[in-house]
Amino acid sequence: MPLPHQRFSDRFGGRPTPEPVKPDEVTDSAKVGLNQLVSELRDNALPSLTKMWIATNEELRRIAPEGGVSIGMFRSLILEAQWWEFYEVCEALVKVAKDQSEVITRIEALFAAETLAYAMTDTGITWRYSSPAKETVEEAERLLVETPELVAPARQWRKAQEHLSKRPPDHENCVKDAVGAPEGVARILTGKTGQTLSKILPGLAGRVGMHKTLETAIDKLYAYRGDEQGVAHGATNTELANLAAEAEMVLYWTAGAIVYFAKKRGR
């Protein structure tokens, strides 16, 4: 699949103003590693230095300096890059690669070794999930996309992932949309489009043979969405809690619920 047309910073909220927000996720060693990778793959899986120089400057919205480019200039560009520019350089390298698969694999290995917050995939840079969660999230998205009647929940599910991927992340809206997606699935599968998930669950659970404990777990997840400040209701505390861990956990749990409901829809 092709890489997205939008630049990384446009997709995930880079170039913040007035002051740049620089997460610690892009380490100096990651930049050094990318420079080593470029040296190893140059004129093989990657094109010439000149082509990489033009492509990366274009991706960064810069006018490439006139005259030749040296490897030292290219290394400095990477070492001095802001956190969002680092990711944009990586996508630019993939776009001009002779062997995209090899470059994607090598960059992702670097990201994983440096435990960066994002992953390099064949569809561009995306938010990184742990391995088991990644499989469930991908399956949930696939089931939603491949089921025509679930187009609205699919759109809401994608929004939940985008909220988490942004910089700074929008944890509250991630939780809201993540829980809203399986609610939409349940509404469509039962035809009860005007009811909440809590009202739908008892009848749906009976129809598909869901264990009472699992029904309660999903219901409690919906209750959490309603109770957490800044999610379904206005916040009253001066500062909202950092819900990063909670948002990721809710996203994983709702992915499992979506997969379950989709697989049971024949009943």
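Now for a look at the structure at hand. Since the structure is predicted, the reported quantities are computational estimates derived from the model, not experimental observations.

If you trace the backbone, Ile-218 turns up in helix H11 (residues 212-227). Between the alpha carbons of Ile-218 and Leu-201 there is a distance of 8.4 Å; along the sequence they are 17 residues apart. Setting aside residues up to four positions removed in sequence, Ile-218 forms contacts with Leu-197, Leu-201, Met-210, Ala-257 and Phe-261.

As a further point, take the nonpolar core. In this structure, Phe-86, Tyr-87, Phe-111 and Trp-157 are the most contacted members of the largest nonpolar core, which totals 74 residues. For this core, the element with the highest residue contribution is helix H12 (residues 244-264), accounting for 9 residues.

Turning next to the pairing of strand S1 (residues 118-121). Both faces of S1 are covered, namely the face carrying Tyr-118 and Met-120 and the face carrying Ala-119 and Thr-121. Examined bridge by bridge, S1 and strand S2 (residues 124-127) share 4 bridges and lie antiparallel to one another. Residue pairing for S2: Tyr-118 is matched across the bridge by Trp-127. Once S1 ends, the chain turns through 2 residues before running back antiparallel as S2.

The end-to-end C-alpha separation of helix H8 (residues 151-165) is 21 Å, in line with the 21 Å expected for 15 residues at 1.5 Å each. Taken residue by residue, H8 has Pro-153, Ala-154, Trp-157, Ala-160, Gln-161, His-163, Leu-164 and Ser-165 as its buried positions.

Here we take up H12. For H12, which comprises 21 residues, the first-to-last C-alpha distance of 31 Å matches the rise-based estimate of 30 Å (1.5 Å per residue) to within 8%. What H12 keeps buried is the set Ala-247, Val-250, Leu-251, Thr-254, Ala-255, Ala-257, Ile-258, Val-259, Phe-261, Ala-262 and Lys-264.

In this structure, Lys-31 sits in helix H2 (residues 28-41). For the buried Lys-31, no salt bridge exists, and the shortest N-O distance to an oppositely charged side chain is 4.8 Å, to Asp-28. Polar contacts involving the side chain of Lys-31 include one to the main-chain carbonyl oxygen of Leu-79, which spans 3.4 Å.

Summed over the entire model, instances satisfying the criterion amount to 10 aromatic pairs. Centre to centre, the rings of Phe-8 and Trp-83 are 6.2 Å apart; their planes meet at 90°, and the pair counts as edge-to-face. Here Phe-8 is found in helix H1 (residues 8-12), whereas its partner Trp-83 is found in helix H5 (residues 83-96), with 75 residues between them in sequence. A relative accessible area of 1% means that Trp-83 is categorised as buried.

Moving on, we come to the packing of helix H3 (residues 49-59) against helix H4 (residues 71-79). For any two helices packed against each other, the geometry is given by the interaxial angle and the distance between the axes. The geometry of H3 relative to H4 is characterised by a closest axis approach of 11 Å and an angle of 30° between their N-to-C directions. In this view, H3 runs roughly parallel relative to H4, as classed from their interaxial angle. Once H3 is placed against H4, the crossing between them reads as left-handed. On the side of H3, the interface is formed by Leu-49, Met-52, Trp-53, Thr-56 and Asn-57, while H4 contributes Ile-71, Met-73, Phe-74 and Leu-77. Class assignment for the residues of the contact of H3 with H4 results in 7 nonpolar, 2 polar and no charged.

With that settled, the discussion passes to the side chain of His-163. Structurally, His-163 is set in helix H8. Note on His-163: relative accessible area 11%, which makes it buried. Here His-163 is in contact with Pro-169, Asp-170, Asn-173, Cys-174 and Asp-177, once residues within four sequence places are set aside.

The next subject is unusual backbone geometry. Across the chain, the bulk of peptide bonds are trans and the bulk of non-glycine residues have phi less than zero. The backbone phi angle of Arg-61 is positive, close to 60°, even though this residue is not glycine. With respect to the element layout, Arg-61 can be found in the loop between H3 and H4. The class for Arg-61 is partly exposed, based on a relative accessible area of 38%. Of note in the backbone geometry, Thr-115 takes a positive phi value of approximately 50° without being a glycine. Summarising the element assignment, Thr-115 is placed in the loop between helix H6 (100-113) and S1. Given the relative accessible area of 64%, Thr-115 is considered exposed.

Turning our eyes to something else, we now look at the packing of H3 against H5. It is at 9 Å that the axes of H3 and H5 come closest, and there the two elements cross at 130°. For the element pair H3 / H5, the angle class is oblique. Relative to H5, H3 is oriented so that their crossing is right-handed. Counted together, Met-52, Ala-55, Thr-56 and Glu-59 of H3 and Glu-88, Val-89, Glu-91, Ala-92, Leu-93, Lys-95 and Val-96 of H5 form the full contact between these two elements. In terms of residue class, the contact of H3 with H5 is built from 6 nonpolar, 1 polar and 4 charged.

Parameters at a glance
Residues numbered from 1 in each chain as written. Predicted model: local features only at pLDDT ≥ 70, side-chain atom pairs only at ≥ 80, totals over all residues. Heavy atoms only, no water. Helix = DSSP H or I, 4+ residues; strand = E, 2+ residues; numbered from the N terminus. Contact = heavy atoms within 4.5 Å. Core = buried A, V, L, I, M, F, W, Y, C linked by side-chain atoms within 4.5 Å. Buried < 20%, exposed > 50% of the residue type's maximum accessible area, 1.4 Å probe, protein only. Pairing = 2+ DSSP bridges. Expected span 1.5 Å × (residues − 1). Lys, Arg positive; Asp, Glu negative; His and termini not counted. Salt bridge = Lys/Arg side-chain N within 4 Å of Asp/Glu carboxyl O. Polar contact = N/O pair within 3.5 Å; in protein donor to acceptor, adjacent residues only side chain to side chain. Phe/Tyr/Trp six-rings, centres within 6.5 Å; stacked < 30°, edge-to-face > 60°. Axes fitted to C-alpha atoms, helices over the stretch in contact; angles between N-to-C directions. Parallel < 35°, antiparallel > 145°, perpendicular 65-115°, else oblique. Left-handed = near helix turned anticlockwise from the far one by under 90°. Nonpolar A, V, L, I, M, F, W, Y, C, P; charged D, E, K, R; others polar.

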